[in-house]
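Close look at the chain arrangement
Here is how the chains run, residue by residue.
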Amino acid sequence: MPLAPLARRTALAATLTLLTTTAAFAVAVPGQATTTATETLLGVPHHSLSIYGATFGSTPDGDYAYAVARGTPGALSVVDTRTATVVRTMELPGAAGAWGGTVTDDGTVYLGVDGKLFRYRPGAQGVEDLGTPVPGETTAWRLTTDGQRVFVGTFPNGKVYSYDHGTDQVRDYGQVWPGEQYVRSLGISAGKLYAGLGTVARVVEIDITSGARREIPLPEKYRAEQFVYDLDVHRQQMFVRLANSNQVLVYDLKTGAWTGELGTGRGLDFSPPDENGNVYFSSGTGQLMAYNLDSRTVTPTSFTSFGTSRDFGWTHLGGRDWPGRTLVTIDLGGKLSYYNPRTGATKTARPGITGRPVQLQTVTAGPDGRIWSSAYPSGGITAFDPATGTFAENAGALGQAEGIYAYQGKLYAGVYPGATLFEIDPTRPIAAGSNPRRIGSLTAEQQDRPFAITGVGNRVAFGTIPQYGQLGGALALIDPATGAREVHRNVVPNQSVTALTTMGGLILGGTGIWGGLGSTPTETEARLFLWDPATATKVWEGPVLPGAKAVTQLIAAPDGKVWGATSGTLFEFDPATRTVLRSVEIEPFDWQGTHVWRSDHLAFAPDGDLCGNFRNTIACVDPATLTVEKLVTGINDIWTMDAQGDMYYARGSELYRLSR
């Protein structure tokens, strides 16, 4: 979401100030002369106003929305829904974004932000950081409450836990269903929790007292869905929205039967009922729909451009058009939408929630001498000009780019979700819908994340991670001029394609054993493969390093060899003999942890050294001796080098330059 003009000017002023922030330091390496390197903080390339999670509540003095804007860090804004104004904004230390919250009977707000739980007591000047109540859970998805206890669904172990508002006691209910990593949605009714799971879509009922659980099977035709993405319960009727189809279903908890199919919805929530028993939700076309709990019929409202909802609440506006209670929600861009059930009156308002600095996801040196980047999860495309020290920020012009690659004067980006592929012409103005230009999508092939990119002849090759719950990435070759494409899945069975480079007309690829989130690897070690694009055949496959589970980067060397990385370890590969010749561990890594899709980036410096980031450390290596010169630690796992040998990388939302 673009920043307002004032916010943009403020961000630019801050950036220009940061341009002068430098640090010079000496790096001592045994057996070498001391090297001096200068690090410069360049500023924040990306800002976004993205409300992924919100909740609503009332106190004796008013009605409020509690909206979390994602950023580094994220921030909670308290919005008076009667006046559509921001009352207070508070940063959430050490946490970026929320997918949901809930309000207890006394008006206290609980928010799940990343893996943390935060509490806000209305009127307070700040939030309480309650930490990570269940260690090991990195994401708190949706929350619900029985008025006193707060219930939270998690990833990556698919747990539910409760937090007692009065006693601060935590109860870990454990993994809800064997093998399911996501508790994506939660509802509550009559002493039971209802958990929406993924990456195999399920609904599971949990007895709050005993912890006993049972599955409520979805209708047979929906059992291939990936997620029960949204779930709410009102008056013993359960509403669910499924992904990927977005179908909305209704289940009667009293009779134990699925009673309705309401078409597609946009999510994220189904409103509490009004006085006439109507529950509201957004249709797949963005129209506000009313479902009557008594007649079990769905009726479109007059609100035809409603969009999406980040939770619903009720507020009191007053006046002829706004009698009684008015429905209110907030969308991803921070816009409030109002609907009065009595009069049908509608309106929207922007309360002035400000954008946040957001974490960098990708950084690449462009063919125009500028440094191009995209952000997580808001995307966008920003170009930094080293000559002028300025950023050209284009929020909304591109989704979350997992990889960006410069080839033949253009930039090519692989965007999540759905592995959508774009071409960017850096000589033309950026304009959403035309530049970047969409050149393909791998959604139909069940691919999701294109991290690896290389050029071969007049085509661009993309290596991908599959969709949630699946194994088997793909190698896709696209002709940007004609749109002609080839897609080859499972080039190495059950492995993702995580690294690519081109040499002698062939493509050298590296794989990783992990597929989409929620999948379980069946292989134990990464592989290298050679692909002949002229014949569309795999001509060789072989091992990398013993125990390595992902090849995270490949780069062709001037002498005909290829260098690669496996999450902290550098290796040299000889295409002629098809063997790994040498390797050096730069940063140790325990492969027993979670998935690895990327971690390292490489480039040859003007002096011949091979430099890059090895996980969170920047180092340069002499290819002749394998002598390692470590330069900087504590960075994000993104990095690039320009033609002059200057290196660019990120810490959170900030872009840095390192000059040797």
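Above this text sits the structure in question.
Attention here is on the structure that accompanies the text. (Residues numbered from 1 in each chain as written. Predicted model: local features only at pLDDT ≥ 70, side-chain atom pairs only at ≥ 80, totals over all residues. Heavy atoms only, no water.)

1. A few points about the overall build of the protein
A tally of helices and strands in the protein yields 1 helix and 58 strands. Its C-alpha atoms give the protein a radius of gyration of 26 Å, within 12% of the compact-globule value 26 Å for 660 residues. Taken over 660 residues, the protein has a buried fraction of 60%. For the protein, long-range pairs separated by at least 24 residues make up 47% of all intrachain contacts whose partners lie at least 6 apart in sequence. Counting only carbon and sulfur atoms, one obtains 49% of the accessible surface of the protein, whose full area is about 24100 Å². (Helix = DSSP H or I, 4+ residues; strand = E, 2+ residues; numbered from the N terminus. Rg over C-alpha atoms; globule rule 2.2 N^0.38 Å. Buried < 20%, exposed > 50% of the residue type's maximum accessible area, 1.4 Å probe, protein only. Contact = heavy atoms within 4.5 Å. Areas by Shrake-Rupley, 256 points an atom, 1.4 Å probe, with all protein chains shown as cover.)

2. Topic: the packing of aromatic side chains
Scanning the model with the defined rule gives 28 aromatic pairs in all. When the centroid spacing of 5.3 Å and the interplanar angle of 80 degrees are considered together, the rings of Phe227 and Tyr468 count as edge-to-face. Remark: Tyr468 occurs in the loop between strand 41 (459-466) and strand 42 (474-478) and Phe227 occurs in strand 20 (residues 227-234); sequence separation between them is 241 residues. Here Phe227 and Tyr468 have matching classes, each one buried. With centroids separated by 6.0 Å and ring planes inclined at 40 degrees, the aromatic side chains of Phe451 and Trp597 adopt a geometry described as tilted. Within this pair, whereas Phe451 is found in strand 40 (residues 447-456), its partner Trp597 is found in the loop between strand 51 (579-585) and strand 52 (600-604), the two being separated by 146 residues in sequence. In this structure, Phe451 and Trp597 share a single accessibility class: buried. Here the basic side chain of Arg449 rests over the ring of Tyr416, its NZ or CZ set 3.9 Å away from the ring centre. The ring of Tyr656 carries Arg651 above its face, with NZ or CZ at 4.7 Å from the centroid. (Phe/Tyr/Trp six-rings, centres within 6.5 Å; stacked < 30°, edge-to-face > 60°. Lys NZ or Arg CZ within 6 Å of the ring centre and 35° of its normal.)

3. Some points on the sheet that holds strand 32 (residues 359-365)
The pairing of strands in a sheet happens through backbone hydrogen bonds and is either parallel or antiparallel. In spatial order, the strands read 32-33-34-35; together these 4 strands make up an open sheet with antiparallel pairing. In this open sheet, the two edge strands, each paired with only one partner strand, are strand 32 and strand 35 (390-394). Each adjacent strand pair in this sheet contributes to an overall mean axis angle of 25 degrees, direction not counted. The sheet contact formed by strand 34 (residues 379-385) and strand 35 spans 5 bridges and is antiparallel. Among the inter-strand pairings, Phe384 is bridged to a residue of strand 35, identified as Phe391. (Pairing = 2+ DSSP bridges. Axes fitted to C-alpha atoms, helices over the stretch in contact; angles between N-to-C directions.)

4. Structural notes on the side chain of Ser189
With respect to the element layout, Ser189 can be found in strand 16 (residues 182-189). Under the relative-accessibility criterion, Ser189 is labelled buried at 13%.

5. Considerations on unusual backbone geometry
In this structure, the amide linkage connecting Gly198 to the following residue, Thr199, adopts the cis form with an omega of 20 degrees. Relative to the assigned elements, Thr199 resides in the loop between strand 17 (192-198) and strand 18 (202-207). Residues Gly267 and Leu268 are joined by a peptide bond in cis, for which omega reads 10 degrees. Positioned with a positive phi, Gln236 is a non-glycine residue whose angle comes to about 65 degrees.

6. Thoughts on the state of the cysteines
As enumerated under the stated definition, the model contains 1 disulfide in all. Covalent S-S linkage joins Cys611 and Cys620, the inter-sulfur distance amounting to 2.0 Å. Between Cys611 and Cys620, the S-S dihedral sits near 110 degrees, and the bridge is therefore right-handed. The pair Cys611 / Cys620 is uniform in exposure class, with both members buried. (Disulfide = S-S within 2.5 Å.)

7. A few points about the pattern of salt bridges
Note on pairing: side chains with opposite charge can pair once their charged atoms come close. Applying the stated rule across the entire model yields 34 salt bridges. A salt bridge links Arg82 to Asp63, with the nearest nitrogen and oxygen atoms 2.9 Å apart. Taken as a pair, Arg82 in the loop between strand 6 (74-80) and strand 7 (85-92) and Asp63 in strand 5 (residues 62-69) lie far apart in primary sequence, 19 residues in all. The exposure class assigned to Arg82 is partly exposed, which follows from its relative accessible area of 38%. Residue class for Asp63 comes out buried when judged on its relative accessible area of 2%. A salt bridge links Arg582 to Glu572; the shortest N-O distance between them is 2.9 Å. Taken together, the residues span a long stretch of sequence, with Arg582 in strand 51 and Glu572 in strand 50 (residues 569-574) at a distance of 10 residues. Given a relative accessible area of 27%, Arg582 falls into the partly exposed group. (Salt bridge = Lys/Arg side-chain N within 4 Å of Asp/Glu carboxyl O.)

8. Observations regarding the side chain of Lys159
Assignment of secondary structure puts Lys159 in strand 14 (residues 159-164). For Lys159, the contacting residues outside a window of four places in its chain are Val134, Glu137, Val152, Gly153, Thr154, Asp172, Gly174, Gln175, Val176 and Val183.

9. Thoughts on the sheet that holds strand 28 (residues 326-330)
Here 4 strands make up an open sheet; going across it, the order is 27-28-29-30 and the pairing antiparallel. This sheet does not close on itself; its edge strands, each paired only once, are strand 27 (312-315) and strand 30 (346-349). Strand-to-strand twist in this sheet, taken as the mean axis angle between neighbours without regard to direction, amounts to 25 degrees. Of the strand pairs in this sheet, strand 27 and strand 28 are connected by 4 bridges, and their pairing is antiparallel. By the bridge assignment for strand 28, Trp314 is matched with Leu327.

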